[in-house]
Amino acid sequence: MMAGLEGSMIHSDKSVHALQRFGLGARPGDLDRVQRDPVGALQAEINRPRVTLLSKPGLLSTSEALKVADEYQVERRKRLAAEPNLAGDAAAMSASPRRDKGIMDDQQSGTVSSREIYLDEVVARYEAAQKAECGFAERLVWFWSNHFAISAAKGARLLVTAGAFEREAIRPHVFGRFADMLLAVEQHPSMIMFLDNNISIGPNSAAGSRRGRGLNENLAREILELHTLGVNGGYNQADVLALAKIITGWTIGEKQDGSRGAFTFNPHRHEPGVHKVLARSYAQAGVQQGQAVLADLARHPSTARFIATKLVRHFVGDEPPADLVAHLAKTFEATDGNLAKVSRALIEAPAAWEPPPTKLRSPQELLAAMLRATNSSLEGPQLVRLLMTLGQRPWSPGGPDGFPDTAAYWTSASGMRTRLDVASVIAQRAEANSDPATLVDQIIGPIASRETRSAIAAADSRAQGLAILFAAPEFQRR
Amino acid sequence: MIYSPISFSRRDVLLGGGALFTSAFVPRLASAESRDPRLIVLILRGGLDGLSAVAPIGDPGYARQRQDIALSASGNSPALQLDGFFALHPKLKTLSSMYAAGEMTVVHATASPYRERSHFDGQDVLESGYERPGRVDSGWLNRLFAAVPSGRPVPGPRVLGVGSSAPLIVRGPAPIIGWAPTTLRQPHDDLTARVLDLYRHLDPPLGDALTAGIKAADVVENAEGTMGKVQTEGMHGNDKSMVEMATGAARLLASSGGPRLASLSFNGWDTHAREGGAEGRLANLLGGLDQAIASMKSNLGPAWSDTVIMIVTEFGRTVHVNGSYGTDHGTATVAFLVGGAVAGKRVIADWPGLGSAQLYEGRDLKPTIDLRSVFKGVARDHLGVPESALSSSVFPGSDAIRPKRDLLKA
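Residues numbered from 1 in each chain as written. Chains lettered and ligands numbered in written order. Predicted model: local features only at pLDDT ≥ 70, side-chain atom pairs only at ≥ 80, totals over all residues.

1. Examining the interface of chain A and chain B
Taken together, the contact between chain A and chain B spans 55 residues of the former and 58 residues of the latter. Elements supplying a minimum of two residues to the side of chain A that touches chain B: helix H4 (62–82), helix H5 (89–95), helix H6 (104–107), helix H21 (380–389), helix H23 (413–430), helix H25 (450–457), helix H26 (462–471) and helix H27 (473–476) of chain A. The element best represented in the side of chain A that touches chain B is H23 of chain A, accounting for eleven residues. Residue classes in the side of chain A that touches chain B are distributed as 23 nonpolar, 18 polar and 14 charged. (Contact = placed C-beta atoms within 7 Å. Helix = DSSP H or I, 4+ residues; strand = E, 2+ residues; numbered from the N terminus. Nonpolar A, V, L, I, M, F, W, Y, C, P; charged D, E, K, R; others polar.)

Here is the structure:
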């Protein structure tokens, strides 16, 4: 048993760690199940084929979703042009959701179908969270999705494809190769639109010399700074510029021939010539030039170190233990970015289990844990409303760097207040079917403090007891 | 300045009463004679159409370019005259009376240094205080907090960010506090007390954060001389949320020991379609903004005389009207300075004109005033931050952008 850091006095327990630190929280019965072999329970998820994949009837692929969004947009513009002075704006506006960035294109006056596509994806994501045995694989899906962050708040085309992006570019590679995930992400329409590569044109390309428009460095910069090497990873502005040129022409098909809404390489926009990134010259033709750079970036030591640091910070502590980071980085390098092996190295390292729980569950983890504990579910609009109130609207971080991943960030004044509000809301919904005195054993039993147990026992109602369980440090921290 | 004491609610009692914010953050007190300045940055996200908010009705190009959505000095809903050349949108009645009372100044044809047309990047530039997008580690209001020199009134214990997550403009190394109106059913005080008690024993950092959050909510809901709960009956949608946020921010800034620098954001200004003129979508939004400013004034109480509210947006909109009766992303637009400390009744503009040859890139209102000169002028004269700090840490690389003078009452 450990003394608390920073004033926290919660104990460590391996079964609880398996479910809370590395998973999405216990459902009744899970704690007993993992008790015999907590590490093995997590390993089992890595070994299960297709564990990270998510499919469900009704979910649209990226190109299908883009088609729906574009058709809706065309339809809407036609309708608006025909009836310029339609009344009812106020009503339409109050029905539309609050936006993070105040942008109207995306959800304006009830672009119902776009929003519905998004809500379906959020529901599917939470269903997967509910079904997961421990939730280690799902946690990794969320981790990678936040590492390669896009934002649904950027516009209708991002809103409708945010979920598909995760299912298509992230999930298939969570226990695959980092290089494959990187390539899938950078060639995914959502990322290309989010970071403006669809408007980037090589100045000396056929299209560039004709139109006089130019490069957009956004995607190239974030590939280097956020996706691979990290900000101190050893690149400079010349590398950004070169990579931006190399990936000109990486765009989204607009033709009706099947390329529409899918990744396409447009040679007319591609900047010709040999370009140098990190002192290495790339002379390949067309799309292969960029693919070669990505392959090299994926196995760069800075990338290994950057990914290892982020993984340890996410799962173990705001100040990642250096030895553990080095161990993961070494594994990453030695296995050429085999993410099953890197994930395994994390859960098999004693140093990942030893520190007491100082991380605060992110809002999306916290909500999943409450729903798992009570075997309950919410409709899409409620999920989004609660997560937005908690400051983590799904797939909508403030920027390409994703949601912050430190306890320091989430332990905010308004955040803690809202956490209690949400705990109370879920507790009231679940009180008919859940007994807090039983649940405290089933969910946090081994680490439940005397204080928490007696506060739950003294509660004046089941709902209050449940809310105290959800608010307790043993439940909030991991 | 003397403040009304804050009423003691049950929550105050359960939180131990006393100072509003945890003792670690109680500021050094400013001396009795000195001012206690408040600064609020109100961001209209989506890109405000400055030509409809403050119409250059004296420009012969205006009615020609804006056609159906142009405002006019006559008719059923006439624009509200400012100086004969510019007129306020008819829904901005409160702002109009503040202008007449010398508490509102308009800055027109202004823009941040951002010259592209992405909301994300435009807002990042506006909020980060850097010249280019891509810097999202801290915001200029946070760095401004740190730049207030000793010997000047302390700008509160923390920077206030209204909303469920801290906007970029308030993020950074200086302490921040968040507050957001909630639509969730509030837990009983008894639950709060039990959880706080648990945190005190088991996890003091969680207890401190929850205490600060509850105290902020308590200030908003139980401020002396107010009606308690924010009054928004009869309002809906955007109006309601604007007034709730404005009221909360104002009550926190008015409170003794509360924050003094704040930012809040109103969404939905991206009027690509069916923008409307004197009535319509933008008019509804402007009506909500106007009510929000009115409630800020009433909730700030005596602190109003020490307040500057800067109303800004990431960029303006095209001069031409598009095929959907709206306007697209543009460049220069309008900014407002509102508050008792503002040297008002002025329109500050170096008007570029609306003739086709006068437009920026043939489509937008041309920027002639760098918005940072306004920010810097207010920061220097309202908070006493030296120009050197403004050009280095607050708005890096802005040495050439001189602070505007005389924006505030002497």
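2. Digging into the sheet that holds strand E4 (residues 87–88) of chain B
Residues and elements named next belong to chain B. Read across the sheet, three strands follow the order E2-E4-E3 without closing on themselves; strand pairing throughout is antiparallel. Unpaired on one side and paired on the other, strand E2 (54–55) and strand E3 (80–81) mark the two borders of the sheet. The pairing of E2 with E4 spans two bridges and is classified as antiparallel. Bridge pairing in E4 places Ala 55 opposite Ala 87. (Pairing = 2+ DSSP bridges.)

3. Describing helix H20 (residues 363–373) of chain A
Residues and elements named next belong to chain A. Within H20, eleven of the eleven residues are buried, which leaves the element mostly enclosed by the surrounding structure. Considered for burial, the residues of H20 that qualify are Pro 363, Gln 364, Glu 365, Leu 366, Leu 367, Ala 368, Ala 369, Met 370, Leu 371, Arg 372 and Ala 373. Trailing H20 by a residue or two, Asn 375 shows a phi angle of about 50 degrees, which is positive. (Buried ≥ 20, exposed ≤ 12 C-beta atoms within 10 Å, placed from the backbone.)

4. Re the pairing of strand E5 (residues 104–111) of chain B
Residue and element names in this part refer to chain B. Of all eight residues that make up E5, eight are buried, and the element is covered over most of its length. Pairing analysis gives five bridges linking E5 to strand E10 (residues 333–338), with the strands arranged antiparallel. The residue bridging Val 107 from the neighbouring strand is Ala 335, located in E10. Both E5 and strand E11 (residues 346–348) contribute to a ladder of three bridges, which runs parallel. Residue Thr 105 lies in a different strand from E11, and its bridge partner there is Arg 346. Bridge count for E5 against strand E12 (residues 369–370) is two bridges, and the pairing is parallel.

5. Focus on helix H4 (residues 93–100) of chain B
Residues and elements named next belong to chain B. All buried positions along H4 are accounted for by Thr 94, Leu 95, Ser 96, Met 98 and Tyr 99. On its buried face, H4 sits against E3, E4, E5, helix H10 (281–300) and E10. Following H4 by one or two positions, Gly 102 adopts a phi angle in the positive range, close to 75 degrees.

6. Let's talk about the confidence of the model for chain B
Residue and element names in this part refer to chain B. Overall, the predicted model of chain B reaches an average pLDDT of 89, with 90% of residues at or above 70. Confidence over residues 1–20 falls short of pLDDT 50; this stretch has 37 contacts with residues more than four positions distant or in other chains. Considering only residues more than four positions removed or in separate chains, one finds that residues 22–33, a stretch of pLDDT under 50, has 18 contacts. ipTM for the predicted complex: 0.90, alongside a pTM of 0.85. (pLDDT = per-residue confidence, 0-100.)

7. Things to note about the nonpolar core
The biggest cluster of nonpolar side chains holds 256 residues, and the ones touching the most others in it are Leu 328 of chain A together with Ala 249 of chain B. The contact partners of Leu 328 of chain A, leaving out residues within four places of it in the chain, are Ala 308, Leu 311, Val 312, Val 342, Ala 345 and Leu 346 of chain A. (Core = buried A, V, L, I, M, F, W, Y, C linked by C-beta atoms within 7 Å.)

8. Comments concerning the environment of Thr 452 of chain A
Along the chain, the position of Thr 452 of chain A falls in helix H25. Residues Thr 452 of chain A and Asp 13 of chain A lie 439 residues apart in sequence; the distance between their C-alpha atoms is 16 Å. With residues near it in sequence (within four places) discarded, Thr 452 of chain A still touches Ala 472 and Glu 474 of chain A together with Leu 198 of chain B.

9. A word on the packing of helix H24 (residues 436–444) of chain A against H25 of chain A
Describing two packed helices takes the angle between their axes plus the distance from one axis to the other. Residues and elements named next belong to chain A. Two elements in contact, H24 and H25, have axes whose closest approach is 9 Å; the angle formed by their N-to-C orientations is 155 degrees. Taken together, the axis directions place H24 and H25 in an arrangement best described as roughly antiparallel. Judged by the sense of rotation from one axis to the other, the crossing of H24 with H25 is right-handed. For the pair formed by H24 and H25, the contact residues are Pro 436, Ala 437 and Val 440 on the first element and Arg 453, Ile 456 and Ala 457 on the second. Its residues placed into classes, the contact of H24 with H25 shows five nonpolar, no polar and one charged. (Axes fitted to C-alpha atoms, helices over the stretch in contact; angles between N-to-C directions. Parallel < 35°, antiparallel > 145°, perpendicular 65-115°, else oblique. Left-handed = near helix turned anticlockwise from the far one by under 90°.)

10. Some remarks on the environment of Ala 180 of chain B
Within the secondary structure, Ala 180 of chain B sits in the loop between strand E7 (176–179) and helix H7 (189–202). Residues Ala 180 of chain B and Glu 127 of chain B, spaced 53 residues apart in sequence, show a C-alpha to C-alpha distance of 19 Å. Non-local contacts of Ala 180 of chain B, meaning those with residues more than four positions away in its chain, are made with Ser 414 of chain A together with Val 162, Gly 163 and Ser 164 of chain B.

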